[in-house]
Amino acid sequence: RDRRDVIALIRKTAGVKRHTSSKRYTSSKRHTSASLSVSDVFACNSLTSLPISLYLTMAQTMDLDFDVPHFLRDQMQTAPHDLQHYFITFEDLYDRKLWHQLTLKVEEFIAEPASAIFQIPLYQHFVADWEEKMNKLKMVTIGLTAAKQYADPSDAIAFLTALIAKVDTSTTRDAYVHAVMETAHYRLRSGQTEETKDAIDRCEKLLDSFDAVETLIYASFYRVSAEYYKAKADYAQYYKNALLFLACVNIDTDLTAEERVERAHDLSIAALLGDTIYNFGELLMHPILDSLMGTTYDWLKGLLIAFNAGDIGKFESLAPKFPAEPLLQHSLPALSRKICLMSLVEAVFSRDADDRHIPFAAIAAETRLPVDEVEHLVMKALSLKLIKGSIDQVAALVKVEWVQPRVLDRTQIEGMRGRLMSWEQDVGRTAGFVEKEGGEVFAQ
């Protein structure tokens, strides 16, 4: 009954007549004072308590026309004083058909915090009237900003689904990917994980086919992908996609202070719990970790430094803080094994290339493990491809030929500098010996 009442009221207010042959509703008057105003529409919705998604469906099927100047004047009267000039400019640019300038002015308007409550009606009853004239990526970006104002994710999905259909063309694939990925964000919030993964897979194939694309589209893809893998507790994939997302944005301007802290916290946990992550240098060098300073998560950076250096003593000193992070507390045995592996890698890395035949006893001292557990630790490091080499069980010796490349911190770089200087001196001594003892040979 509510639906019939709304339809009757809309038809009465806007002068709508039904064509029985096509079963569509069209307005008998275009751009007149009798057209349906925004206040009428929202009055209908509030009186009948219909969901926004149903209203959107009705608006799409009834093909109603709205009086743009009348709408803009209505909005200006309800807007705060500092926003009213926008509506005057909108009407002027709209009448002059300056679509590019109008697009820029709309972008400027939606960037105003006070414009939030006006964004949905502005898109539906103003931007939608001339959206065919604007850049499709900008159209999607404006629509996405408006969609954030919906309290119910299902309403945002309904709004964005209609937007996706408008850019699902061969010439607007970039805008399509952007719209699909942001819709996937709301689907994930609604618990639709399978639909989210399907969107990620489809958009990844499209992105791989592009020669070039706007950075904001990659940012959208990696952000939503990271959100999905976080929900699935896939720490390694979250870590990868979250770092790629940060590479696409300016963390100082594109993220709020709260978002920076949350991102730094989640990346720290993912790095520690990821079963394939044994290189922390890239994260430690990223400025996002500075967001943890002065917060209750400040100790996480110290823990990452301890893992990167294979510092078991530092790890044990920070272990009492683990109860504050249930995921770390629950994974304490796995973290203990990981710090031992990092200690082994660091012990190998810190040695000269000609001094990598390491006795079991030396490894046991570095990792604080019993000697009879060293062989299993080395086999684990070999299987993870952290090192390459062989084990001499008879001589209780590990012969290391290669260690996994790493992003080095300043201390490790200084250690490498010292080894290079030592190598330079050895080369100099060898050159001097050859010059002295083989002078006659070189002369000939």
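Residues numbered from 1 in each chain as written. Predicted model: local features only at pLDDT ≥ 70, side-chain atom pairs only at ≥ 80, totals over all residues. Heavy atoms only, no water.

Considering helix H17 (residues 298-309)
This is how it is decided: Whether a residue is buried, partly exposed or exposed follows from its accessible area with a 1.4 Å probe, protein chains only, as a fraction of its type maximum: under 20%, in between, or over 50%, in that order. Numbering of helices and strands runs from the N terminus, with a helix taken as a DSSP run of H or I at least four residues long and a strand as a DSSP run of E at least two residues long.
Every buried residue of H17 is listed here: Trp299, Leu300, Leu303, Leu304, Ala306, Phe307 and Asn308. Phi turns positive, to about 65 degrees, at Gly310, one or two residues after H17.

Some details on the pairing of strand S4 (residues 387-392)
Applied cut-off: Any two strands between which DSSP finds at least two bridges are classified as paired.
The pairing of S4 with strand S5 (residues 397-403) spans six bridges and is classified as antiparallel. Within S5, the position partnered with Ser390 by the bridge is Lys399. The hairpin formed by S4 and S5 contains four residues between the paired strands, and Ala396 there has a positive phi angle of roughly 55 degrees.

Points about the pattern of salt bridges
Inclusion rule: What makes a salt bridge here is a side-chain nitrogen of Lys or Arg within 4 Å of a carboxyl oxygen of Asp or Glu, nothing more.
Scanning all chains against the criterion turns up 15 salt bridges. A salt bridge links Asp198 to Arg202; the nearest nitrogen and oxygen atoms lie 3.1 Å apart. In this pair, Asp198 and Arg202 both sit in helix H11 (residues 193-209), four residues apart, roughly one turn of the helix. Using a relative accessible area of 41% as the deciding quantity, one classes Asp198 as partly exposed. Note that Asp266 and Lys230 form a salt bridge whose closest N and O atoms lie 2.7 Å from each other. Of this pair, Asp266 sits in helix H15 (residues 257-273) while Lys230 sits in helix H12 (residues 215-231), and the two are 36 residues apart along the sequence.

Some thoughts on the environment of Leu289
To keep it simple, the criterion reads: Contact definition: two residues touch when any of their heavy atoms are within 4.5 Å.
On the secondary structure map, Leu289 appears in the loop between helix H16 (281-284) and H17. Separated by 21 residues in the primary sequence, Leu289 and Ser268 have C-alpha atoms spaced 8.4 Å apart. Residue contacts for Leu289: discarding those within four places in its chain leaves Ala264, Ser268, Leu283, Leu284, Lys301 and Leu304.

Details of the packing of helix H10 (residues 173-189) against H12
What counts is decided by this rule: Note on definitions: angles span 0 to 180 degrees between N-to-C directions of axes, and those axes are lines fitted to C-alpha atoms, for helices only across the stretch in contact. Angles are sorted into four bins: roughly parallel if under 35 degrees, roughly antiparallel if over 145, roughly perpendicular if 65 to 115, and oblique for all others. Two helices that cross are described as forming a left-handed crossing if the nearer one is turned anticlockwise from the farther one by less than a right angle, and a right-handed crossing if clockwise. Residues are grouped as follows: Ala, Val, Leu, Ile, Met, Phe, Trp, Tyr, Cys and Pro are nonpolar; Asp, Glu, Lys and Arg are charged; every other residue, Gly included, is polar.
Packing of H10 against H12 leaves a shortest axis separation of 9 Å and a crossing angle of 25 degrees. Classified by the interaxial angle, the pair formed by H10 and H12 is roughly parallel. You can see that H10 and H12 cross each other, and the crossing is left-handed. Only Leu216, Ile217, Ser220, Phe221, Arg223, Val224, Ser225, Glu227, Tyr228 and Ala231 of H12 make contact with H10, whose side of the interface consists of Asp174, Val177, His178, Met181, Glu182, Ala184, His185 and Leu188. Split by residue class, the contact of H10 with H12 holds ten nonpolar, four polar and four charged.

Description of the side chain of His178
Summarising the element assignment, His178 is placed in helix H10. Here His178 falls in the buried class, since its relative accessible area comes to 7%. For His178, the contacting residues outside a window of four places in its chain are Leu137, Val140, Thr141, Leu144, Leu216, Ile217 and Ser220.

Re the sheet that holds S4
Consider a sheet: its strands pair through backbone hydrogen bonds, and that pairing is either parallel or antiparallel. Across the sheet, three strands lie side by side as S3-S5-S4; this open sheet has antiparallel pairing. Either end of the sheet is taken by a strand with one partner, and the two such strands are strand S3 (357-359) and S4. Each strand axis lies, on average, 30 degrees off the axis of its neighbour in the sheet, ignoring direction. Bridge analysis of S3 against S5 gives three bridges, and the strand direction is antiparallel. Each bridged residue has a counterpart across the sheet, and for Ile358 the counterpart in S5 is Val398. Packing against the sheet, helix H22 (residues 374-383) makes contact with S4 and S5, and its axis sits at approximately 150 degrees to S4.

What about the packing of aromatic side chains?
Using the following cut-off: Any pair of Phe, Tyr and Trp rings, taking the six-membered ring for Trp, is counted once the centres come within 6.5 Å. Such a pair is stacked with planes under 30 degrees apart, edge-to-face with planes over 60 apart, and tilted for the rest.
Under the criterion given, the structure shown has 20 aromatic pairs. Both rings, one in Tyr94 and one in Trp99, keep their centres 6.0 Å apart while their planes meet at 75 degrees; by these two values the pair is edge-to-face. No difference in accessibility class separates Tyr94 from Trp99, as the two residues are buried. Ring centres of Trp99 and Trp130 lie 5.8 Å apart, and the angle between their planes is 20 degrees; this geometry places the pair in the stacked category. Taken together, the residues Trp99 in helix H6 (residues 99-110) and Trp130 in helix H7 (residues 116-130) connect sequence positions 31 residues apart. With relative accessibility at 18%, the residue Trp99 sits in the buried group.

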